[in-house]
Amino acid sequence: MPSATLALLRLTSRDRLLVETLAELRFMTVHQIRQACYPTLRTGSVSHRLSRLRGGGVLERAGGRAFDDRRVFWGLGTAGRLAAGALAGTVPPGPRSLAVGALLMDHLIATNQIFCDLCTECRAGRLAAFSWVGSHHARLDLGLTHLVPDAIIVVPAPEGGRWIYCLERDRGTMPAQRLEEKWRRYRLLDRLARERAGDPRWDALADAWVIIACDDDRRAKASACTAARAGLERVWAGSATTCAAALAAAVGSEALAPERLTGDAAGLLPLPGTVGGVSYRMDAGAAPGAAAGGAGGPLPGAEEVPA
């Protein structure tokens, strides 16, 4: 596709990372883009680069009159969608698949901040690698109902396995009844995964953890209690600002350094049957001597889920 090739030729390696990231995260603020893709540049320099990419049709802006505080969010333009499709070797994502309504933007940006924080942990050498599957690709069919996490985080485990974390960004806006219904769907997911043992997709989900990232500790305690009443056991509930660090501490980096990843783990493939996802790996020379964490177990600093 000539137009896709032309778009790719104009992109630096950092630009390509941004295109791949926005194809999955859909929209990010300039500060989030800097944190995830251009960490060595100042914010002003990043803004200038984004404006140039916008001029070439790689990026487009959302915001202005759609938001009272006139915030601006960056997503893929026509050339960017073509480049994303070429990088992934798939059909370019359509504008509808990347669109987000103004009422949902706050939630999406809050969720995407955890991705950016994970990138920081990764570059610091505290997390070897991870993949992120956005909510528009994370729908899980449960038969008569379905479950849509805000994101699915996939972390490589020893011997080519995967650790799965379903992220829920609880901002306190969902009514208590709907929240409890969602926890019950997670309980159904756990039961179905165990009933369908032997299926690679369901085997990966059988040991999945639920991460509930909240705005404050009070909300985290309430969410932990409602999750416990629904019968969930593998739950971490805590502040969104500490979520990425807690996950990195639980997984560790030394035992799963990039050069030791093999097979599916090296490619950080998402769940079997899952479309989409973006992967992030720490720089090979980052943070020498980083301490290893646990083995995909509970995240530290969590609200304990009552027995």
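Going by the structure above, here's the rest.
Reading the values: rules and limits
- Residues numbered from 1 in each chain as written.
- Predicted model: local features only at pLDDT ≥ 70, side-chain atom pairs only at ≥ 80, totals over all residues.
- Heavy atoms only, no water.
- Helix = DSSP H or I, 4+ residues; strand = E, 2+ residues; numbered from the N terminus.
- Buried < 20%, exposed > 50% of the residue type's maximum accessible area, 1.4 Å probe, protein only.
- Contact = heavy atoms within 4.5 Å.
- Areas by Shrake-Rupley, 256 points an atom, 1.4 Å probe, with all protein chains shown as cover.
- Axes fitted to C-alpha atoms, helices over the stretch in contact; angles between N-to-C directions.
- Parallel < 35°, antiparallel > 145°, perpendicular 65-115°, else oblique.
- Nonpolar A, V, L, I, M, F, W, Y, C, P; charged D, E, K, R; others polar.
- Salt bridge = Lys/Arg side-chain N within 4 Å of Asp/Glu carboxyl O.
- Pairing = 2+ DSSP bridges.
- Right-handed = clockwise from strand over helix to strand, strands pointing away.

Caption draft 1: Structural view of the overall build of the protein chain. Counting secondary structure elements, the protein chain contains 12 helices and 10 strands. Expressed as a percentage of its 307 residues, the buried residues of the protein chain come to 49%. At a minimum sequence separation of 6, the contacts of the protein chain that also span at least 24 residues come to 67%. Accessible surface computed for the protein chain: about 14,600 Å², of which carbon and sulfur atoms make up 52%.

Caption draft 2: Main features of the packing of helix 3 (residues 30-37) against helix 4 (residues 43-55). Running from N to C, helix 3 and helix 4 cross one another at 100 degrees; their axes reach a closest spacing of 10 Å. Here helix 4 runs roughly perpendicular to helix 3, going by the angle between their axes. Along the contact surface, helix 3 presents Val 30, His 31, Ile 33 and Arg 34, while helix 4 presents Thr 43, Val 46, Ser 47 and Leu 50. Partitioned by chemical class, the residues of the contact of helix 3 with helix 4 number four nonpolar, three polar and one charged.

Caption draft 3: Layout of the pattern of salt bridges. Applying the stated rule across the entire model yields 12 salt bridges. One salt bridge in this structure joins Arg 229 and Glu 180, with 3.6 Å as the shortest N-O distance. In this pair, Arg 229 sits in helix 10 (residues 217-229) while Glu 180 sits in helix 8 (residues 176-195), placing the two residues 49 residues apart along the sequence. Among the residues examined, Glu 180 registers a relative accessible area of 27% and is labelled partly exposed. Measuring nitrogen to oxygen at the nearest pair gives 2.8 Å for the salt bridge that ties Arg 191 to Glu 195. Pair noted here: Arg 191 and Glu 195 are both in helix 8, with a separation of four residues, about one helical turn.

Caption draft 4: Local environment of the pairing of strand 9 (residues 235-239). The buried count for strand 9 comes to five of five residues, which makes it a mostly enclosed element. One ladder, built from five bridges, connects strand 8 (residues 209-214) with strand 9; its direction is parallel. Looking across to strand 9, one finds that Val 210 is bridged to Val 235. Once you follow strand 8 into helix 10 and on to strand 9, the crossover reads as right-handed.

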